[in-house]
Amino acid sequence: MNPRAFLKECLMQFFIITTFVNVASAVVGPVLMPGKTFGFVAFWSPLFAGFLGTLPSVVLYSKKELTLRQTIFRKVLHLLLLEFILSLVGWLNGNISTAGSFVIFALMVLAVYAAVTLFSFLLESRDAKQINAGLRALQNRK
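Presented here is an overview of the structure given in this document. (Residues numbered from 1 in each chain as written. Predicted model: local features only at pLDDT ≥ 70, side-chain atom pairs only at ≥ 80, totals over all residues. Heavy atoms only, no water.)

As a further point, take the pattern of salt bridges. Within this structure, the stated rule accounts for one salt bridge. Two residues, Arg-126 and Asp-127, come together in a salt bridge whose shortest N-O distance is 3.4 Å. (Salt bridge = Lys/Arg side-chain N within 4 Å of Asp/Glu carboxyl O.)

This is the structure we're talking about:
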């Protein structure tokens, strides 16, 4: 993958991550911080989380095609880095203070990761089908 395509992929991931972080925050937020209300500054939180969620994507970059084993290793490393970075920031901000809240937060990160991965796969699958249909159309013209 060339650097430009990788950056495009990261930008797409950022917006997908930010959307799913908004949904996860709305669902899990009241459990972790019941009774808490926020001002307009809180709108920056999902954007910041999306940025932090995009940073570890560096481990997924490769100039050459990866084997299945290498891809799985990098995906697992990516998830572990995400869990570590986001949990550390949550703990430093005081959003995670107990073992129970850590488990809920880690499960939320895992759920968002799975949703983003699935959504990205569906988008890429749709693009691949369109490209293949275009190639078939070109082949049938000759």
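Right, let's talk about the packing of aromatic side chains for a bit. Applying the stated criterion across every chain, the model contains three aromatic pairs. Ring geometry for Phe-14 against Phe-15: centres 5.1 Å apart, planes inclined by 75°, an arrangement best described as edge-to-face. (Phe/Tyr/Trp six-rings, centres within 6.5 Å; stacked < 30°, edge-to-face > 60°.)

Attention now goes to the side chain of Glu-83. On the secondary structure map, Glu-83 appears in helix H3 (residues 68–92). No salt bridge is formed by the buried Glu-83. Its closest oppositely charged neighbour is Lys-75, at 14 Å. Not counting residues within four places of it along the chain, the set of residues in contact with Glu-83 comprises Ala-106, Val-109 and Leu-110. (Helix = DSSP H or I, 4+ residues; strand = E, 2+ residues; numbered from the N terminus. Buried < 20%, exposed > 50% of the residue type's maximum accessible area, 1.4 Å probe, protein only. Lys, Arg positive; Asp, Glu negative; His and termini not counted. Contact = heavy atoms within 4.5 Å.)

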